[in-house]
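Okay, here's what each chain looks like letter by letter:
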Amino acid sequence: MSGNHQDHHTDHGHHAHDHGHSHGIVDPSITASERGLWALKWSFAGLMITAVLQVVVVAFSGSVALLADTIHNFADAATAIPLAIAFVFARRKPSIRFGYGFGRIEDLAGVAIVLVILASAIGAGYHSIQRLLQPQEVSHLWAVAAASVIGFIGNEAVAMFRIRIGREINSAALVADGYHARIDGWTSLAVLGGVVGLWLGYPLADPIIGLLITATIFGIVIQSGKSIFTRMLDGADPEISEKIRQAAEQMPQVQEVTEVRVRWLGHRLHAELNIAVDSQMTVAMAHSVAAEVRHRLLHQFDYLSLVVIHVDPMDHSGERHHHIDSHAHDGLPVHAHAE
């Protein structure tokens, strides 16, 4: 990984360490963002072709279940736009104003994606309820069935593509969008159920399948929204923090790891650690330990982009020793400072 790091407590920002390389503050390389954009471009094209083919069948068959699925496929294709914008911004270097880079834009893109999916669910539900109240004949059942299969194949191909590239570049958003496309593939296949119902003589089967697809889309909205807003509130899987803690504790000079805080900015993770070392260590020795801990973490967890390490002497280990007691100065009333 290339770039510069800045540690607020132990400054290793401009050292290449002992291996002749350094680690980046946001994306490890422009290549990752370019791969993400490349994946989005082709998956967008694939979903648009799928949706257009389905529109043709909807036009002459009148299937509302297929219409619901088609609306969702167009929405899925549209989700590539905010993600692409996020990847473009991810290539920009941090500035004085935006010292942590622009990774948070990917989270904002996630919010846009959730809103697009929500709109598609409302549209699909509206058309399905209208058809349930005013049943209409569906023709060319063979074409509807074929369009259903095309929708499944198109979504599954896009899902495999997005998940593979997302894992390569460590983009949680792209991987999640890939799994979203996979679920959409199965909702496309559900249209076949409506075709079978119509073929057996149940005219309401088509709008009922449309409503089932709508319910599935709402489920995706809830699941995706929970994930996105957890990240925007700086929430992270506790297992990640524990793994980082264990990795830091494996360093022989580290006597204790008291606090570990992590948060995602887009598809990159920022971590802050409090470690304790022998109280007799010099500042230079403690700095060297912190640099080695940081270096090891960046190698072990490739989704990490920034590691800030605070070093404490063992006899004053942890944030509890950083608390400032109530005091008064400069004529101010007695007060304390938040930790």
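This one's a predicted model, so the numbers in the text were calculated from it and none came from an experiment.

Caption draft 1: Structural context of the sheet that holds strand 3 (residues 304-313). As summarised here, the arrangement of the 3 strands in space is 1-2-3, forming an open sheet in which the pairing is mixed. With partners counted over all chains shown, the strands left at the sheet margins are strand 1 (256-265) and strand 3, one partner each. Across the sheet, the axes of successive neighbouring strands diverge by a mean angle of 15°, strand direction being ignored. One ladder, built from 9 bridges, connects strand 1 with strand 2 (residues 268-277); its direction is antiparallel. Within strand 2, the residue paired with Glu259 across the bridge is Asn274. Packed onto the sheet, helix 9 (residues 283-300) meets strand 2 and strand 3 and runs at close to 150° relative to strand 3.

Caption draft 2: How the structure looks around the side chain of Ser43. Considering the arrangement of structural elements, one finds Ser43 in helix 1 (residues 30-61). At 3.1 Å, the side chain of Ser43 and the backbone oxygen of Leu40 are in polar contact. Aside from chain neighbours lying at most four places away, what touches Ser43 is Val158, Phe161 and Arg162.

Caption draft 3: Structural context of a nonpolar patch on the surface. A contiguous nonpolar surface patch, about 380 Å² in accessible area, is contributed by Val52, Val55, Val56, Phe60 and Phe74. At 4 residues, the largest contribution of residues to the nonpolar patch is made by helix 1. Along the chain, Val55 turns up in helix 1.

Caption draft 4: Structural context of the packing of helix 3 (residues 80-90) against helix 4 (residues 104-133). Running from N to C, helix 3 and helix 4 point in directions that differ by 175°, and their axes come no closer than 8 Å. Taken as axis vectors, helix 3 and helix 4 run roughly antiparallel relative to one another. Listed contacts from helix 4 to Pro82, Leu83, Ala86, Phe87 and Phe89 of helix 3 are Ile105, Glu106, Ala109, Ala112 and Ile113.

Caption draft 5: The arrangement of helix 8 (residues 238-249) in detail. An ideal rise of 1.5 Å per residue puts 16 Å on 12 residues; helix 8 measures up with 17 Å between its terminal C-alpha atoms. Of the residues making up helix 8, those classed as buried are Ile240, Ser241, Ile244, Ala247 and Ala248. Viewed end-on, helix 8 has its buried residues packed into an arc of 125°, placing them on one side of the element. Considering only its buried residues, helix 8 is in contact with strand 1, strand 2, helix 9 and strand 3. Between a side-chain oxygen at the N-terminus of helix 8 and the backbone nitrogen of Glu239 the separation is 3.0 Å; the capping residue is Asp237.

How each quantity is defined
- Residues numbered from 1 in each chain as written.
- Predicted model: local features only at pLDDT ≥ 70, side-chain atom pairs only at ≥ 80, totals over all residues.
- Heavy atoms only, no water.
- Pairing = 2+ DSSP bridges.
- Helix = DSSP H or I, 4+ residues; strand = E, 2+ residues; numbered from the N terminus.
- Axes fitted to C-alpha atoms, helices over the stretch in contact; angles between N-to-C directions.
- Contact = heavy atoms within 4.5 Å.
- Polar contact = N/O pair within 3.5 Å; in protein donor to acceptor, adjacent residues only side chain to side chain.
- Patch = residues over 30% accessible without salt bridge, like charges linked within 9 Å, V, L, I, M, F, W, Y side chains within 5 Å.
- Areas by Shrake-Rupley, 256 points an atom, 1.4 Å probe, with all protein chains shown as cover.
- Salt bridge = Lys/Arg side-chain N within 4 Å of Asp/Glu carboxyl O.
- Parallel < 35°, antiparallel > 145°, perpendicular 65-115°, else oblique.
- Expected span 1.5 Å × (residues − 1).
- Buried < 20%, exposed > 50% of the residue type's maximum accessible area, 1.4 Å probe, protein only.
- Arc of directions from axis to C-beta.

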